[in-house]
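# Per-entry structural report
What follows is the residue order along each chain.
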Amino acid sequence: MSPQKKNRLKAATFSFKGRGRLSKGKDLDVAYVSHKQVIGKKRKMTWVESCADALYDAAPTPSPSSSPRKRVREETQQLSSIQEEFDREVFSNFISYTENQPRKTKTQNDFIQEYLPFRDSYLNILLDLEKPSEVLECQSCQIGDGKFHCLTCSGDQTLCHPCMVKTHQHLPFHKVQEWTGKCFEDKSLEELGFVWYMGHGGQPCPFSEDPQAWEDMPVDAEAGSVPMETFSSSTTTSTLTIIHSTGVFLHNIVWCGCPGSQRQQHLQLLKARLFPASITRPRTAFTFEVLDHFLIDALECKTSASSFFEKIRRMTNHSFPDTVPNQYRELMRVSRLWRDLMSRKCFGFGHDTQEKPGKGDLAWFCPSCPQPGINIPDNWQDNWLISQRYVVDGNFTAQHMTMKMPQLDISLSDGLGYMVKDREYQAHLSLAVESKERSSCSNHRAINTANINRSNLRATGVGATACARHGCFVPHSIVDFQKGERHMNIDYSICNALNYHSAGIDSSLIIYDVGCQWSINFLQRVAESQGLSIPENMQIIPAVGKFHLSAHKLACFARYSLNFVQGAGHVDGEILETLWAPFNKISPTARSMSHAHRQEVLDDHMRDSNWKKLVGITKTLLTKYKRALKGVDETKSPFDELTRSLNPEKISIWEIEEKKAVEERGEYLDIYQLQINKAPTMAEIRLKLTESENDDTRHPGTVSWLITGINLEDLQDALRADIRQLPSDATSAQKTSIEEKRQRLAARIAKFHETADAMTAGMDLDIGTVHSDDPRFCRTDNDGTEWVDVSDEEISEDIDEEILTEEMGIWMPSSVSQHNGTLGLGPLQAEELELRKGQANDCLENLRMALGHKALIYRQYFRSADSTWAGTRSKQEARRCQLKIDKYVRSYQRARSAMECLGMEEATLGSIYREIMPSELSIDKEVTEENRFGQGSDRLAWFWRVNNANEGQEDAWMDEFYRVNWLKAKARWSRWEEELSLNGTEGGSKQLDRVIKPMLINRS
C-alpha cells in the first residue's frame, strides 16, 4: 500500500498515529483538523475529521472578483460558512450535526455524565467558601477586622461589626455569620445591635422623647447600630418575632412616637409590610412575602400550615429546629386574615368600602358559559346555543369533624365564595323532608347509603355544581352532606346554580350520576319547599354522565344519555371527577378545621381552580375546536354513506320519529333502543344461514359453467375447513370421510376442466388459480371435547400433507391477465367479472346477517343463560356463527382477488369492495352493550354502509338493526356539529377568532 493511501485511511478513520508526518511538522492544533462529509454505514451523510494539510499547502488563495455582484455573493457565502462553523463549535455539545437526521438534544443523563468529572472541583469550591477571606480588614471601611460575612448578599465581602449593621439597615432578613477563628458561626442582626425603626423610612422618629437619640450618637450608632442603653426608659422599644420566607428572626423594634400613634402599633407594622399576629400588643409578625408563599404552597403543593412552618423552622436552624419558636397557631390565624384581605382586594371591594360583597361575589366563574348582561349580546333570545349546562356530583372525601363549641366560630366570608351561606342552608334542611320512595336503579341505592353512620362527622362530604363544558365551580352552590347524597342537599346546590346569572335563560341541562331518580319529583320538591326556587319557565333536561350511565339499567340509557340531548354538544358529564382529584389532597387537612376556616380553605382552592380555567380558556377552546373539526369529519362521512345505502322511505319515517323524540323526550326516546318483540330462534338462525349458503342459481352455457367454477372454489374452501377441524388423533372413519370428499371433488374438478376445453375451443390452458386461505380467518371449532360424527361443517382440524385435491388449481377466465387480449377471452372475462361482483355482494350480505345473528345470540341467549347447559349451547351456536363469518370473508377475498385480476378499476375496489380486516368483524355493540361508555366516536365498519337494505330488506331483525344504527350515527354526527358551533360561540375573544377563522377557511 502506498504512503499516500495509508495517510488517507488514517485521516478517514480518526487515526492520529504518525500525525507529525501527515502535518509535515506542524503542531497538532485544532486549526489543522477540518471536517468533511462522508457516507456512513447506514448510508447517511455525516461529518468526520480529516487532515487539513491540503487546505494550508495546496489550496491557493482566491483572488477577489472584479464584479461587484460576484463579490457580494462571495461575501455572503463566506459569512454563511462562518456561521455554520460557529454554530458547530458553539452548539456541538447540544446538537448532533448529521444530515438527513433530526437534531437531538441532551438528556438528563447526558448532563449528569458531564458533571461527574467536575464533582471534586465543585466540592472543593464549596469547602473554600467555608473559610475566611484572605483579606483580613473590612472591605468597606478598611479599618476594622473583617470577621463578618452575609450568606444572603451576593459576593464574598467581609465586613466589620459597624459596617455589617450599616449595610443591612434596610435588609433585616439577611443571614450573617462571624468568624470565630475556627469556623463561621451564625449571628443574628439583633445580636449585632440592629434596631428597626417604625415609620420615617427606617430612621428614628423626630418626635422621640429622647433628644439624645439624634445628638452625640456613638460611632457604631452612626453606622446604623443604636445600642439599647442610649435610649431613655420612656422610649418605646419592643422585641418582635418576625417570620419571613427564609426563617424566623428576632428584632428590636422602636415604635414611632408621633402624636396619635401610641395605640396603632399594629398599623405601623402593616405599613412596614409586616402583618401583626395580634392587634393590641403585637409580639409576632409575618412578612407579606411569607404569607404569599404559604398561600401558593397551599394551592399548588397542598401544604398544610404545620408542614409549612416546620420547613421555616428547619430553614432557621437545620440542626436544632426545636429551638426556634413555634408560631404555627399564629400562622393559621394570620393566613386566614391575609386570605380574606387578598380576596376582597382582588374582587375590587377595597376601593369602595361602602359596598359589601354579596353571595358569590368573591368567586370567579366560567368566562365562556352564557351569562346575560356579562358575556353575551343583547339579542341572544331564541338561540339554542344560550343554555345552562351543569354537572352535579358529590365528594365523600371532603369530610368535616364535629366541633366542640361551634357557637364560638367566626366566619370571614360565609356565602361570599363557593360554599353556600350556612344559616340559610341549615334553615332549608330543617324544613325539607327527604323522600322515601323506592329507587328503581341500584346505582342510586349505593350512593344513598354512603357514610350514613358517622356520628363524629358534622359533614360526610360535599356536593358541587360546575359547568359541564369547562369545569368551573358555580359560585354559592357547594353544599355539605349530612347523611349521604340526599335529594335535599343536591336540590339546594342545583337551585342556587340555576339562579346564578341566569336571567332570561329558559333551558338547563343537569348532568347527575343518578339523574334518572333525582329528576322524577324535582319540580314537585321545589314547589313544596320555601328555600328552593328556579327561574320562571326554566326547562330542566336531566342526563347521566357517560361513564356512570354504563352502570345503570338498560332502560336509563336512551332517556338519559348525553348522545341524544339536542344542544349538549360533545361532553361526557364527568368533568367534576377530574376536579375532585386535586381537591381530595386538601380534604385531610381541612377535616379537623373549624367550620368557618374549612369553608374559607375550600373556597380558596375552588377559586384557584376556576382561575386556572379562566386564564387557560383560549388554549382549551382552541384544542376543543380542533377536536370538534376532526369529530365532524369522522362522523359525517360514515353517516352519509349509511344513509345512501338505506331505503329513503324508511329514513323518512325514522326522521319523523327522531324529531318527535327530541321535542317530547321521555318515553319517545326509546326509539334509540332495539324494539324487536320476538327474536328469531336458534333453529331459524341456522335455517336462514343454510338457505343463504345453498342458494345456487343455475344458468345454461358459459354462465352456468362459470358458476360451477365458483362453486368448486367454495367446495375446496369447505374441504380445507374440514381438514383444519380434524383432531390430532383423528379416527379412521374421520379420515375416510375426508378421503371420499377429496375423490368426489377431484372428479368434479376434472369434469369442469373438460368443459373448459370446449368453452375455450381447445385453447392451451395453464394450471389455473390456486387460492390460499388467509390464516386470520381460519378458526376451528375444536374446543377440546370428544369428536362426534355430525355435519360436514363440524368435523375438526389437521390434514395429511400428501393429499392435494383441495389445493388443485381451477382454471377460470380470471386466471389469465385481462391485458392479454390475444386469447379472445374478453366475453368470458366480462361475464366472470359480473358474477364475481354478485359473489362479493352475496358474501357481504351473508356476512352482515351472520354478524347480526351472532350479536343477537350474545344478547338474547348467552347473557341470559341460567344454567351451564344453556351457556355451553349458546357458546357453541356463537362459534358456529363465527365459522360462517370466516367462510364468507374467505369467499369475499377470492371474489375480490378475481375482480382485481379481471381489471376492475382501483377506485371501485377502494371504495365499494375494500379489504376486510379482523378488527371490523366484532359483533355490533349497539345490540350487545347499548348503554356502554364511549359511544361518541363509534362508527360502523364499511361493509355495513354499502350495498345493503336499499332494495327491500325483508328481515325484521336486520331492519331494526339498521334503524338503531342510523339513528345513533346521526346523533353522533349532530353532537359533533353542535360542539363545533358551541366552541365557535364560546371563543368570542378576538384572539381566538384570529386563530379559528384561518382553520375555517382551510376546512372549506
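Everything that follows concerns the structure shown earlier in this document.
Okay, so let's go over this structure. (Residues numbered from 1 in each chain as written. Predicted model: local features only at pLDDT ≥ 70, side-chain atom pairs only at ≥ 80, totals over all residues. Heavy atoms only, no water.)

## Points about the overall build of the protein chain
Within the protein chain, the regular secondary structure consists of 33 helices and 17 strands. For the protein chain, the proportion of its 1004 residues judged to be buried stands at 46%. Sequence-distant contacts, at least 24 apart, represent 72% of the contacts inside the protein chain between residues at least 6 apart. Accessible surface, the protein chain: about 54,300 Å² in total, of which carbon and sulfur atoms supply 52%. (Helix = DSSP H or I, 4+ residues; strand = E, 2+ residues; numbered from the N terminus. Buried < 20%, exposed > 50% of the residue type's maximum accessible area, 1.4 Å probe, protein only. Contact = heavy atoms within 4.5 Å. Areas by Shrake-Rupley, 256 points an atom, 1.4 Å probe, with all protein chains shown as cover.)

## Quick word on the pairing of strand β16 (residues 507-512)
Extensive coverage of β16 is indicated by the burial of 6 of its 6 residues. Residues S507, L509 and I511 of β16 are buried on one face, and the alternating residues S508, I510 and Y512, pointing to the opposite face, are buried as well.

## Thoughts on the packing of helix α10 (residues 288-301) against helix α12 (residues 328-346)
It is at 10 Å that the axes of α10 and α12 come closest, and there the two elements cross at 85 degrees. On the basis of their axis angle, the class for α10 and α12 is roughly perpendicular. Where α10 approaches α12, its residues F288, L291, D292, F294 and L295 are matched on the opposing element by L331, V334, S335, W338 and R339. Looking at the contact of α10 with α12, its residues break down into 7 nonpolar, 1 polar and 2 charged. (Axes fitted to C-alpha atoms, helices over the stretch in contact; angles between N-to-C directions. Parallel < 35°, antiparallel > 145°, perpendicular 65-115°, else oblique. Nonpolar A, V, L, I, M, F, W, Y, C, P; charged D, E, K, R; others polar.)

## What to know about the packing of aromatic side chains
Tallied over the full model, the rule gives 22 aromatic pairs. Plain terms: the ring middles of F294 and F308 are 5.3 Å apart, the flat faces sit at 55 degrees to each other, and that makes the pair tilted. Of the two residues, F294 is situated in helix α10 and F308 in helix α11 (residues 305-316); the sequence distance between them amounts to 14 residues. On the accessibility criterion, F308 (2% relative accessible area) is buried. One aromatic cluster in this structure is built from F639, W654, W966 and W973. (Phe/Tyr/Trp six-rings, centres within 6.5 Å; stacked < 30°, edge-to-face > 60°.)

## Observations concerning the pattern of salt bridges
Two side chains bearing opposite charge may form a pair once their charged atoms approach each other closely. Under the definition given, this model contains 29 salt bridges. When the shortest N-O distance is used, the salt bridge between D297 and K311 registers 3.4 Å. On the criterion of sequence distance, the pair formed by D297 in helix α10 and K311 in helix α11 is long-range, its members being 14 residues apart. One network of salt bridges, with partners in common, ties together D714, D717, R890 and R894. (Salt bridge = Lys/Arg side-chain N within 4 Å of Asp/Glu carboxyl O.)

## A word on the sheet that holds strand β3 (residues 148-150)
If you trace the 3 strands from one edge of the open sheet to the other, you get β3-β4-β5, paired in antiparallel fashion. Every interior strand has two partners, whereas the edge strands, β3 and β5 (184-187), have only one. Geometrically, the sheet is characterised by an average inter-axis angle of 35 degrees between neighbouring strands, direction not taken into account. (Pairing = 2+ DSSP bridges.)

## Here we look at the pairing of strand β7 (residues 237-244)
Counting buried residues along β7, 6 of its 8 residues qualify, which places the element largely inside the surrounding structure. As defined by bridge partners, β7 adjoins strand β8 (residues 247-254) across 8 bridges and the pair is classed as antiparallel. Within β8, the residue paired with I243 across the bridge is V248. What sits between β7 and β8 in their antiparallel hairpin is a turn of 2 residues. Sheet analysis places β7 next to strand β10 (residues 284-287), joined by 3 bridges and oriented parallel. Note on β10: the bridge partner recorded for I242 is A285.

## Things to note about the nonpolar core
L646, W654, Y672 and W966 are the most contacted members of the largest nonpolar core, which has 31 residues in total. Secondary structure elements with two or more residues in this core: α19 (555-560), α23 (617-645), α24 (648-664) and α32 (956-986). With 9 residues, α32 is the single largest residue contributor to this core. Setting aside its immediate chain neighbours within four residues, W654 contacts L646, D959, Y962, R963, W966 and L967. (Core = buried A, V, L, I, M, F, W, Y, C linked by side-chain atoms within 4.5 Å.)

## Observations concerning helix α27 (residues 732-759)
In a regular helix each residue adds 1.5 Å, so 28 residues correspond to 40 Å; α27 covers 40 Å between its end C-alpha atoms and thus fits that length. Along α27, the residues classified as buried are Q734, I738, K741, R742, L745, I749, F752 and A756. (Expected span 1.5 Å × (residues − 1).)

## Some thoughts on unusual backbone geometry
A negative phi angle is the norm for most residues apart from glycine, just as the trans form is the norm for most peptide bonds. Notably, Q142 is not glycine yet its phi reads approximately 60 degrees, a positive angle. Position of Q142 relative to the elements: it lies in the loop between α6 (119-128) and β3. A residue is classified by how much of its surface remains accessible, and Q142, at 49% relative accessible area, is partly exposed. You will see that H501, though not glycine, has its phi angle at about 50 degrees, which is positive. Looking at where H501 falls in the secondary structure, it is placed in the loop between α15 (487-498) and β16. By relative accessible area, which is 34% here, H501 ends up partly exposed.

## Notes on the packing of α10 against helix α22 (residues 595-615)
The contact between α10 and α22 brings their axes to 10 Å, and the two run at 75 degrees. The angle between α10 and α22 falls in the class roughly perpendicular. Facing α10, whose interface residues are A298, L299 and E300, α22 presents D604, H605, D608 and K612. Residues that form the contact of α10 with α22 fall into these classes: 2 nonpolar, 1 polar and 4 charged.

Distances and angles like these do not, on their own, reveal function.
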